[in-house]
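# Geometric and topological summary
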Amino acid sequence: MYRKAALLISTLSTIALLGAGCAKNNTPSPSTKEQIIPSITTENQPLTENNQVVIKEASIGQDGWIAIHTKENGQLGDIIGYTSLPAGKDTKIKITVDRNKVTPSLVAMLHYDRDPKGAFESPGADGPVIRDQQVIMQEFTILNQGEITKKAVPTTNTTPTSYVGVRKEFIVTAKQWSFTPAVIKVKKGDTVVLKLKSTDVTHGMFIPDFNINETMEPGVMKTIEFEADKSGTFTYSCNIPCGAGHKAMSGKLIIE
Ligand SMILES: [Cu+2]
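Sequence order as written defines residue numbering, which begins from 1 separately in each chain. Per-residue local features of the predicted model are confined to residues with pLDDT of at least 70, and side-chain atom pairs are confined, for both listing and counting, to 80 or more; whole-chain, interface and lining totals are unaffected and use all residues. Hydrogens and waters are ignored; side-chain quantities use all the structure's heavy atoms.

### Considerations on the sheet that holds strand β5 (residues 88–96)
Rules: DSSP-based pairing: two strands are paired if at least 2 bridges between them are found. Comment: elements are numbered from the N terminus, with helices defined as DSSP H or I runs of at least four residues and strands as E runs of at least two. Between the N-to-C directions of two axes lies an angle of 0 to 180 degrees, each axis being a line fitted to C-alpha atoms and, for a helix, fitted only over the stretch in contact.
If you walk across this open sheet you meet the three strands as β1-β2-β5, and the pairing is antiparallel. The open sheet has two edge strands with one neighbour each: β1 (39–41) and β5. Taking the axes of each pair of neighbouring strands and ignoring which way they run, one obtains an average angle of 25 degrees across the sheet. Both β1 and strand β2 (residues 52–60) contribute to a ladder of three bridges, which runs antiparallel. Bridge assignment links Thr-41 to a residue of β2, and that residue is Glu-57.

In structure tokens form, the structure reads like this:
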């Protein structure tokens, strides 16, 4: 146990220090609901067949995100996948990544969800969570890297390639009488992931153009997924009568 703690300290960050402290003293974590210490714990793992990695454990004091970065030549690279991390602690968090960009080592990093809330904006408003001047991140190894076929990247061919859709995730919060975000923007070809939640009463998520008709119960997060296979501006609205302002409760889905 002690040796493991020492190893963690030598590799990374505050989390490791805190973790080791807890392990040695065998006392419960000092975190309270008001003050959750942001942390992330990863394990080396194979990439799953459906291109997912699993984060062992993560904690955050306010709603945020976990982003997976590549690591090349010792440097942090692009974000190749992310998922939302609601305030609190979560375990076994699955994140879909871009298989063609996976590097032998990946880095999981906590990010804030700042205004405009619900959409992951990085680079942009949703910067990394920083505590004691440290970014909260942890590196892990992809054990089956050798089996992952890399797509050949043409270096001399300058023909523009058509847009390859990516997975875009949004946390959509409903409350009397609006949706946040009120505008969701993606590109044609993207996979849209909506994590639906209500903070007051039962609402609905109705997007007739994509055959979506879901209820949003307070306190329950529901994840839906669909392909943005046509471009245009579509309306999403609440279809469960939820009070005086119900009819005005709508948002725009813009697919470019
Ligand atoms: Cu309503």
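After presenting the structure, the write-up continues.
### Here we look at the side chain of Ser-84
Quick reminder of the rule: Buried residues are those whose accessible area, probed at 1.4 Å on protein chains only, stays under 20% of the maximum for their type, while exposed residues exceed 50% and partly exposed ones sit between those limits. It only takes one pair of heavy atoms within 4.5 Å for two residues to be counted as in contact.
When you line up the elements, Ser-84 lands in strand β4 (residues 75–85). Taking the relative accessible area as the measure of exposure, Ser-84 reaches 4% and is therefore buried. Those residues within four positions of Ser-84 in sequence are excluded, and the remaining contacts are Gly-64, Trp-65, Glu-169, Ile-171 and Lys-195.

### Some words on the side chain of Ser-105
When you line up the elements, Ser-105 lands in strand β6 (residues 105–112). Setting aside anything within four residues of it in sequence, one finds Ser-105 in contact with Thr-70, Lys-71, Glu-139, Phe-140 and Thr-141.

### Topic: the packing of aromatic side chains
Put simply, the test is: We call Phe, Tyr and Trp rings a pair once their centres come within 6.5 Å, taking the six-membered ring for Trp, and we label the pair stacked below 30 degrees between planes, edge-to-face above 60, and tilted otherwise. Note on criteria: charge over ring means Lys NZ or Arg CZ within 6 Å of the ring centre, with the direction from the centre no more than 35 degrees off the ring normal.
Summed over the entire model, instances satisfying the criterion amount to six aromatic pairs. Residues Tyr-82 and Phe-120 carry aromatic rings whose centres are separated by 4.5 Å and whose planes lie at 35 degrees to one another, so their mutual orientation is tilted. Of the two residues, Tyr-82 is situated in strand β4 and Phe-120 in the loop between β6 and β7 (130–131); the sequence distance between them amounts to 38 residues. Classification of Tyr-82 by relative accessible area gives buried; the value is 16%. Arranged with centres 5.1 Å apart and planes meeting at 40 degrees, the rings of Phe-210 and Phe-226 form a pair that is tilted. Of this pair, Phe-210 sits in the loop between β14 (203–207) and β15 (212–216) while Phe-226 sits in strand β16 (residues 222–227), placing them 16 residues apart in sequence. Each of the two residues, Phe-210 as well as Phe-226, counts as buried. Aromatic rings pair up to connect Trp-65, Tyr-82 and Phe-120 into one cluster. Against the face of Phe-210 rests Lys-230, its NZ or CZ located 4.7 Å from the ring centre.

### Some points on the sheet that holds β4
An order of β4-β3-β6-β9 is seen for the four strands of this open sheet, with the pairing classed as antiparallel. Because the sheet does not close on itself, it has two edges, and the strands there are β4 and β9 (137–141). Across this sheet, the average inter-strand angle for adjacent strands is 25 degrees, counted without regard to direction. Two strands pair when backbone bridges link them, and strand β3 (residues 64–72) and β6 are joined in this way by seven bridges, in the antiparallel orientation. Across the sheet, residue Trp-65 finds its bridge partner in β6, namely His-111.

### With respect to the coordination of the copper ion
The line we're drawing: The rule for donors is simple: N, O or S, within 2.8 Å of the metal, or within 3.2 Å if the metal is Na, K or Ca. Water isn't counted, so a site may look like it is missing partners. Geometry is assigned from the angles between donors: four donors with all angles from 85 to 135 degrees make a tetrahedral site, four or six donors whose opposite pairs exceed 155 degrees while the rest stay between 65 and 115 make square planar or octahedral sites respectively, and everything else is labelled irregular.
Protein ligation of the copper ion involves Cys-238 (SG), Ile-240 (O), Cys-242 (SG) and His-246 (ND1), the donor distances falling in the range 2.0 to 2.6 Å. Geometry at the copper ion is irregular, judged from its four donor atoms and the angles of 85 to 127 degrees they form at the metal. Sequence spacing among the residues donating to the copper ion works out to C-x1-I-x1-C-x3-H. Overall, His-246 belongs to the buried group, its relative accessible area being 15%.

### Describing the confidence of the model for the chain
Reading fine detail from the predicted coordinates is not recommended where pLDDT is low. This is how it is decided: Confidence scores here are pLDDT values: one per residue, from the predictor, ranging 0 to 100.
When pLDDT is averaged along the chain, the result is 84, and 82% of the positions lie at 70 or above. Counted against residues more than four places away or in other chains, residues 1–33, with its pLDDT under 50, gives 26 contacts. This model gives residues 151–155 a pLDDT under 50, and the stretch forms one contact once residues within four places in sequence are excluded.

### Concerning the pattern of salt bridges
Counted only if it meets this: The term salt bridge refers to a side-chain nitrogen of Lys or Arg lying within 4 Å of a carboxyl oxygen of Asp or Glu.
With the rule as written, the count across this model stands at ten salt bridges. Glu-139 is the partner of Lys-71 in a salt bridge, and the nearest nitrogen-oxygen pair spans 2.7 Å. One end of the pair, Lys-71, is in strand β3; the other, Glu-139, is in strand β9, and 68 residues separate them in sequence. On the basis of relative accessible area, Lys-71 is assigned to the partly exposed category, the value being 24%. Its salt-bridge partner being Lys-222, residue Glu-214 comes within 3.1 Å of it at the nearest N-O pair. Look at Lys-222 and you get partly exposed, because its relative accessible area is 28%.

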